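Listed below are the residues making up each chain.
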Amino acid sequence: MGALRLAEYSEKGGVGKTSVTNGLAAVAGDRGMRVLVIDLDSRATASKELGVPIPEIGDPEIFTLNDLLYVNPGDDDPLDPTDAIADTIHPAGESWPSTVRVLPGERKLANREADSGPIEMRLRQGLRAVAGEFDVILFDLPPRPSGKLVTAGLAAAEGEDGGGGVLIPATLTTDGLDGVTQALRTVKQMRQGYSPTLSVAGIVRSIVPRDRELRAIHREFDRQLFERVDPKLGPWGEMVLGEPLPAVASSSGEADADVRYLVRQYAIREEARFAQVPITSAPGREAKRLVATYGEILDLLLKRKENR
Amino acid sequence: MSSLIKQGRGRSGLSKAPEGDPAAPPPEIALPEPRPGEASPGAGGVLAAPGEAVERLREAVPRPYEPVSDGDLLGAQERRDLTTCEAALEHLRLAFWVAGRALQVIRDARLYREAHATFEDYCLDRWSMSRPQAYRLISEWSLAERLLAVSPMGDKVSERHVRELLPVATVHGDDAAELVYATVAQADGVRVTAELLRDVVAIVPTQWDPAAAVLIIREFLDRDGQGDGGSVGRRSPFQTQTTRVRTGLADLATRLRKGKGGDPEQVRAFVADARRLLDQIEQSMS
Ligand SMILES: Nc1ncnc2c1ncn2[C@@H]1O[C@H](COP(=O)(O)OP(=O)(O)OP(=O)(O)O)[C@@H](O)[C@H]1O
Ligand SMILES: [Mg+2]
């Protein structure tokens, strides 16, 4: 059976796409599963958190997704992505489980959006050569309605044996819900062309604070989430996956270390990002709860794949 | 466990993409001048001279030439030429809404003010463009931009599509027009054409209710699809007219039911009249 392919996608920014991607990577890696994270965002947030020395912060010569997608307009015989892809896959940083690999993004990836050439299928094509080496392939997408990178990611996420899906993180806010509507629309459009069997793996409620004052409003958005119906894909309620991902507060009560000092405003989640460590190694009960929820989501998706 | 991709590393001949930073201006384009204050959101670069973008396209598009090969597949040069020519056409397709945005910037920020007293004077004098023309372009661009966004995978949105939807946008807002468009564009086996959009716009209820509108449009597309092998778009004038009448009546019925009707006398007179006309239609068949 092929790898479990999941694309974390919403048009809205900051809903937790990258956190879910790397959270699932951390949990799956901890279990010894072979994980590939593909970063389709030119800000390369996922790659940095995964500790890959992308060109702008480490190794200027490291090969990235940009090099895989780029085709020199003067080159009459473009390199086949199935040949090139192995050079673009790197181990995650040393704090990460040893079975996690990364196909990183970089800033210049933004140039690909304006490519006139047909590059949308290069990633999917490249993956044919290496997909067999992985149990889970995660695609971290940028918050965009469309474009070459989103298309390339969603086309590749379908996978050759079908069954690949889009995981939509939704904050319980207007923005989060709008993001779901738009993501579903994009899935439907992808099905009309590039990836006919692309599915909705699920909607996960993301960054949900336990704050008492905020509870009422979140309940209201939660209700809305469960009441909406997509005319083609069915009730949203049936797509909602697992428990809400709790928002984790800062672990640093006091600035007791340099890193803590720098990130004292940030949440545990953000500290993990800053320190390039997996969320699975963050201390505290809240972080454990978050990790457990990632684990449940992964279990649900793996079970569903098995039953297919 | 496998080696997780190490074999053959570095032998593929892959090289780093040689281009510059995505935010760096292309060499032909002048650096933006510092702007006064933060008034302009100006995201893009500055075109140094009018017509420059088009000039660059003209240089890139090759002179016409005879076929160079009989093969089924294009050669590398042919493929490049096709890409360039298509880029030029794409430019034309998109230029209309960029023009609208440009006009709006000039109007709203009063950039015409050095030499002209009013925006209308400016349009006429500088572009021989009437006020309605200019305002039409302005009202179209924002809608066009939204439609391009809901049509992400390359559905072609043309000026004609936008123009057909403009009445809905004017009466019910851009959200409504976007929903109408998306409903049509996402229906199975439907090719979006200006004609189809016009028919759909004609049946949009005058009382805007998104859910009802979507249902009515779907039903319309389904009903129409059955006749001739699922192809919507080629509709007889009879179909178009009956659809409009039917929706008009349905609309009226809804409003009356909600107690938003007119004078009962008038309503009764209308019903009698309509019955008589329907009888005539029926008789015409025998
Ligand atoms: N469970 C959580 N608890 C607290 N903070 C969180 C949680 N998940 C994500 N965040 C924080 O929310 C912010 C946005 O998250 P993230 O970068 O994952 O979103 P994104 O959807 O990938 O954003 P973008 O659209 O910019 O790519 C980050 O600062 C992240 O640390
Ligand atoms: Mg992200």
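Coordinates for the structure precede this section.
None of these values were measured; they are calculated from a predicted model. (Residues numbered from 1 in each chain as written. Chains lettered and ligands numbered in written order. Predicted model: local features only at pLDDT ≥ 70, side-chain atom pairs only at ≥ 80, totals over all residues. Heavy atoms only, no water.)

### Quick look at the interface of chain A and chain B
No. 1: Taken together, the contact pairs 46 residues of chain A with 37 residues of chain B.
No. 2: The contact between chain A and chain B buries some 3400 Å² in all, and 54% of this surface belongs to carbon and sulfur atoms.
No. 3: Looking at the side of chain A facing chain B, the largest losses of area belong to D87(A), R185(A) and Q189(A), adding up to 18% of the total buried there.
No. 4: For the pair chain A and chain B, the interface holds four salt bridges.
No. 5: The salt bridge partner of D76(A) is R80(B), with a shortest N-O separation of 3.3 Å.
No. 6: Taken together, the elements giving at least two residues each to the side of chain A that touches chain B come down to α3 (65–69), α4 (81–84) and α7 (174–191) of chain A.
No. 7: Examining the composition of the side of chain A that touches chain B, we find that five residues originate from one element, α7(A), more than from any other. (Contact = heavy atoms within 4.5 Å. Buried area = accessible area lost by both parts, 1.4 Å probe. Salt bridge = Lys/Arg side-chain N within 4 Å of Asp/Glu carboxyl O. Helix = DSSP H or I, 4+ residues; strand = E, 2+ residues; numbered from the N terminus.)

### What to know about a nonpolar patch on the surface
Residues and elements named next belong to chain B.
No. 1: Where nonpolar side chains cluster on the molecular surface, the patch consists of V245, L249, L252, L256, F270 and V271 and spans about 460 Å² of accessible area.
No. 2: When residues of the nonpolar patch are traced back to their parent elements, those giving at least two are α9 (237–257) and α10 (264–283).
No. 3: The leading source of residues in the nonpolar patch is α9, at four residues.
No. 4: Checked against the element boundaries, V245 lands in helix α9.
No. 5: Exposure remark for V245: the relative accessible area of 48% places this residue in the partly exposed category. (Patch = residues over 30% accessible without salt bridge, like charges linked within 9 Å, V, L, I, M, F, W, Y side chains within 5 Å. Areas by Shrake-Rupley, 256 points an atom, 1.4 Å probe, with all protein chains shown as cover. Buried < 20%, exposed > 50% of the residue type's maximum accessible area, 1.4 Å probe, protein only.)

### Notes on the sheet that holds strand β7 (residues 199–205) of chain A
Adjacent strands of a sheet pair through backbone hydrogen bonds, lying either parallel or antiparallel.
All names here are of chain A.
No. 1: Spatial strand order, β3-β4-β2-β5-β1-β6-β7: seven strands in an open sheet with mixed pairing. Each edge of the open sheet carries a strand with a single partner, namely β3 (90–91) and β7.
No. 2: Sheet analysis places strand β1 (residues 4–8) next to strand β6 (residues 165–170), joined by three bridges and oriented parallel. From the neighbouring strand, L6 faces β6, where its bridge partner is G165.
No. 3: Of the strands in this sheet, β1, β2 (35–39), β4 (100–103), β5 (136–140), β6 and β7 touch helix α1 (residues 17–30), which is tilted by about 165° from β5.
No. 4: Here α7 sits on the sheet and contacts β6 and β7; the angle it forms with β6, its principal contact strand, is near 165°. (Pairing = 2+ DSSP bridges. Axes fitted to C-alpha atoms, helices over the stretch in contact; angles between N-to-C directions.)

All we've got here are geometric facts, nothing functional implied.
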